[in-house]
Amino acid sequence: MPLFDCPETTIALQCDSPPVLRVRTGTTVVWEWTGNDGGHNVAFDDADIESDDVSPEQGRTFEHTFDAAGTYRYYCAPHHALGMRGAIIVEE
Ligand SMILES: [Cu+2]
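Residues numbered from 1 in each chain as written. Predicted model: local features only at pLDDT ≥ 70, side-chain atom pairs only at ≥ 80, totals over all residues.

Caption draft 1: Quick peek at the pairing of strand β8 (residues 85-91). Going residue by residue along β8, you find G86, I88 and V90 tucked away on one face and R85, A87, I89 and E91 left uncovered on the opposite face. Taken together, the five bridges between strand β3 (residues 20-24) and β8 define a ladder with parallel strand orientation. Its bridge partner being in β8, V23 is matched across the sheet by V90. (Buried ≥ 20, exposed ≤ 12 C-beta atoms within 10 Å, placed from the backbone. Helix = DSSP H or I, 4+ residues; strand = E, 2+ residues; numbered from the N terminus. Pairing = 2+ DSSP bridges.)

Caption draft 2: How the structure looks around unusual backbone geometry. Phi at D37 takes a positive value of approximately 65°, unusual for a residue other than glycine. Along the chain, the position of D37 falls in the loop between β4 (27-32) and β5 (43-44).

Caption draft 3: Representation of the environment of G39 within the structure. Looking at the secondary structure, you find G39 in the loop between β4 and β5. The exposure class assigned to G39 is partly exposed, which follows from the 14 C-beta atoms found within 10 Å. Not counting residues up to four positions away in its chain, the partners in contact with G39 are V54, S55, P56 and P78. (Contact = placed C-beta atoms within 7 Å.)

Quick look at the structure:
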């Protein structure tokens, strides 16, 4: 998976191509639904962060501000096995 360095404080992602992002603490990451390929959600392996129910709605967004350093692996539950997953690497 590609690794992107993100100096901005707000990052917008689309669920089709979940990447690995490296961001600073305090960054808000926004996932935006494309409306393609059925229903999606955003859930995390090791953190209590999760969007609401699976939804196909285009334009829907979910956002989270990462205040603590660490590696946060996330996925879309319906498409986890298809590789719809990524990670947010949060650094001080
Ligand atoms: Cu999905």
